[in-house]
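Coordinate analysis (summary)
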Amino acid sequence: MPAELHLGKTWGLRRMATPDGHFAMVALDQRPPIINLVAARRGIAPQEVAFTDVIDIKRLLVGALGSHASAMLFDPNYAFPAALPCLPAHTGLVVTLEDHRFQDTPGGRLSHSIRDWSVEKIKRIGGDGVKVLAWYRPDASPEVRSHQQRYVEEIGRECRKWDIPLVLELLVYPFARSAGHTTDYVEAAEKLPELVIESVREFADPRYGVDLFKLESPLPGASLPARDGGAGHLAAQAWFDRMGDICAQAAIPWVMLSAGVTGAQFVRVMEYAYAAGANGFLAGRAIWGEALQSFPDLARCDTGLREQGQATLRELGALTVRSGRPWTPDYASLSGISAEGEFCAAYA
């Protein structure tokens with residue numbers, strides 16, 4: 001009898017990757033960053049932002065960038081109803097599970113899923129993958145760490161049950177008591193590379209069932225030194241290499257998130273990441289953030305996305321082909337099928 005089969009997970013990852021096995025994915029599941037942008041441009045409070053403004057932006061993003069991405073990351077409340085009809089058939093679909101309204105406690109942040117949303121529903125709507133953001137700090141209180149670990153572990157079990165890839169995003173954040181506290185989706189000013197590395201090490205444990213990591217730069221992406229062979233370059237590369245080694249040892253492919261840096265800054269992040277063995281990117285604002293500064297002029301936003309946004313995506317794609325490590329699906333378990341009925345019996 002062949003080993004346990006998880007062909008749905010493998011096929012989902014194939015749908016998310018290019019034919020060559022690279023992940024060149026665009027995120028548009030952002031909720032607070034887009035809501036805050038609309039609020040600022042309209043001169044209103046975030047809670048006053050209209051649903052229609054947010055879905056207009058998400059529809060623009062898919063229309064301008066969807067055909068240039070190997071996959072796109074949707075949230076269910078805005079992006080899915082707005083943009084599914086214009087998502088190209090060849091573009092993979094990853095869907096967010098976590099609610100952006102986390103609980104900020106003195107001991108750290110507690111994540112939970114979107115109301116009335118589940119792994120099963122993501123599978124049923126045709127999603128190729130489930131994305132979960134887990135705010136995580138190894139130095140959070142034991143109660144907070146346990147909550148976050150249980151949260152991811154339970155989702156991992158559901159993803160195994162429904163045979164769909166789990167894309168886990170990890171972000172270090174500022175404590176509520178710190179001077180640099182913010183709930184914005186930006187790199188924490190107090191982020192230490194050790195916190196990033198140890199977070200990856202924790203969730204590389206097989207008990208979590210992670211199929212693809214979406215990781216932040218271990219060092220602030222906006223201030224990485226040039227890769228010129230100097231001491232600063234080599235010291236920074238060592239942190240990326242440590243992250244890559246953990247993923248390699250666990251046999252988990254990994255991509256980078258952009259965390260609000262500019263397109264040019266993110267290209268440098270990816271140069272470091274690819275030198276450490278990364279398999280691609282899953283980025284949002286580095287690709288489309290500049291173009292959306294023209295809101296509420298949707299025509300100008302669309303032009304910016306088709307010019308600057310597509311140009312950034314092409315540059316990242318070319319770098320990925322040159323330097324990224326391809327992911328290869330593993331179908332070795334099928335070689336153990338030797339008689340009629342074995343496959344059906346094995347696929348429990």
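Residues numbered from 1 in each chain as written. Predicted model: local features only at pLDDT ≥ 70, side-chain atom pairs only at ≥ 80, totals over all residues. Heavy atoms only, no water.

1. Comments concerning the nonpolar core
Using the following cut-off: Residues belong to a common nonpolar core when they are buried Ala, Val, Leu, Ile, Met, Phe, Trp, Tyr or Cys residues joined through side-chain atoms within 4.5 Å. Each residue is placed in one exposure class: buried if its accessible area under a 1.4 Å probe, protein chains only, is under 20% of its type's maximum, exposed if it is over 50%, and partly exposed if it falls in between. The helix and strand labels rest on DSSP assignments: H or I over at least four residues marks a helix, E over at least two residues marks a strand, and numbering proceeds from the N terminus. The contact definition used throughout considers only heavy atoms, calling two residues in contact when any of these lie within 4.5 Å.
Residues Leu65, Phe74, Phe213, Trp254, Met256, Phe266 and Phe281 are the most contacted members of the largest nonpolar core, which totals 90 residues. Of all the elements, helix α3 (residues 51-65) adds the most residues to this core, at eight residues. Beyond its immediate stretch of four places on either side in the chain, Trp254 contacts Leu212, Phe213, Leu215, Met243, Gly244, Cys247, Ala273, Ala276, Gly277, Ala278, Asn279 and Gly280. By size, the runner-up hydrophobic cluster in this structure holds 14 residues, among which are Leu13, Met25, Ala27 and Leu73.

2. Regarding the sheet that holds strand β1 (residues 23-27)
The condition that has to hold: At least two DSSP bridges between two strands are required for those strands to pair. Here the axes come from fitting lines to C-alpha atoms, over the contacting stretch only for helices, and the angles between their N-to-C directions go from 0 to 180 degrees.
Judged by pairing direction, the barrel is parallel, and its eight strands sit side by side in the order β1-β2-β3-β6-β7-β8-β9-β10 before closing back on the first. Shown here is a sheet whose adjacent strand axes are inclined to one another by a mean of 25 degrees, direction ignored. Sheet topology note: the strand β9 (residues 254-256)/strand β10 (residues 280-283) ladder contains two bridges and is parallel. When the bridges of β10 are listed, Met256 appears paired with Phe281.

3. Remarks on helix α2 (residues 32-42)
Along α2, the residues that are buried comprise Pro32, Pro33, Ile34, Ile35, Leu37, Val38 and Ala39. With its phi angle positive at about 70 degrees, Gly43 sits one or two positions after the end of α2.

4. Digging into the environment of Gly230
Tracing the chain through its elements places Gly230 in the loop between β8 (212-215) and α8 (231-250). Judged by its relative accessible area of 25%, Gly230 falls in the partly exposed class. A sequence separation of 21 residues divides Gly230 from Gly209, and the C-alpha atoms of the two residues are 38 Å apart.

5. Regarding the pattern of salt bridges
Here is the rule: The working definition used for a salt bridge is a side-chain nitrogen of Lys or Arg within 4 Å of a carboxyl oxygen of Asp or Glu.
As enumerated under the stated definition, the model contains 21 salt bridges in all. Ionic pairing is found between Asp139 and Arg137, a salt bridge with its closest N-O pair at 2.9 Å. On the accessibility criterion, Asp139 (39% relative accessible area) is partly exposed. With a relative accessible area of 5%, Arg137 lands in the buried category.

6. Quick word on the packing of aromatic side chains
What counts here: Between 30 and 60 degrees the pair is tilted, below 30 it is stacked and above 60 it is edge-to-face, where a pair is any two Phe, Tyr or Trp rings, Trp via its six-membered ring, whose centres lie within 6.5 Å. Charges are assigned to positions over rings by a cutoff of 6 Å between ring centre and Lys NZ or Arg CZ, combined with an angular limit of 35 degrees from the ring normal.
Enumeration according to the criterion identifies 11 aromatic pairs in this entry. Between Trp135 and Tyr173, the aromatic rings sit 6.2 Å apart at their centres with planes inclined by 90 degrees, giving edge-to-face as the arrangement. Of this pair, Trp135 sits in strand β6 (residues 129-135) while Tyr173 is found in the loop between β7 (166-171) and α7 (193-203), placing the two residues 38 residues apart along the sequence. The pair Trp135 / Tyr173 is uniform in exposure class, with both members buried. Linked through ring pairs, Phe102, Trp135, Tyr173 and Phe175 together constitute an aromatic cluster. One Lys or Arg, Arg137, reaches over the ring of Phe175 and ends 4.0 Å from the middle of that ring. Against the face of Tyr272 rests Arg227, its NZ or CZ located 5.3 Å from the ring centre.

7. Considering the pairing of strand β3 (residues 92-96)
With five of five residues buried, β3 lies mostly within the body of the structure. Neither face of β3 is left uncovered, since the one carrying Gly92, Val94 and Thr96 and the one carrying Leu93 and Val95 both have all their residues buried. Here four bridges tie strand β2 (residues 71-74) to β3, and the two strands are oriented parallel to one another. Along β3, the bridge assignment pairs Leu73 with Val94. Pairing geometry for β3 and β6, over three bridges, is parallel. Across the sheet, Val94 pairs through a bridge with Gly129, a residue of β6.

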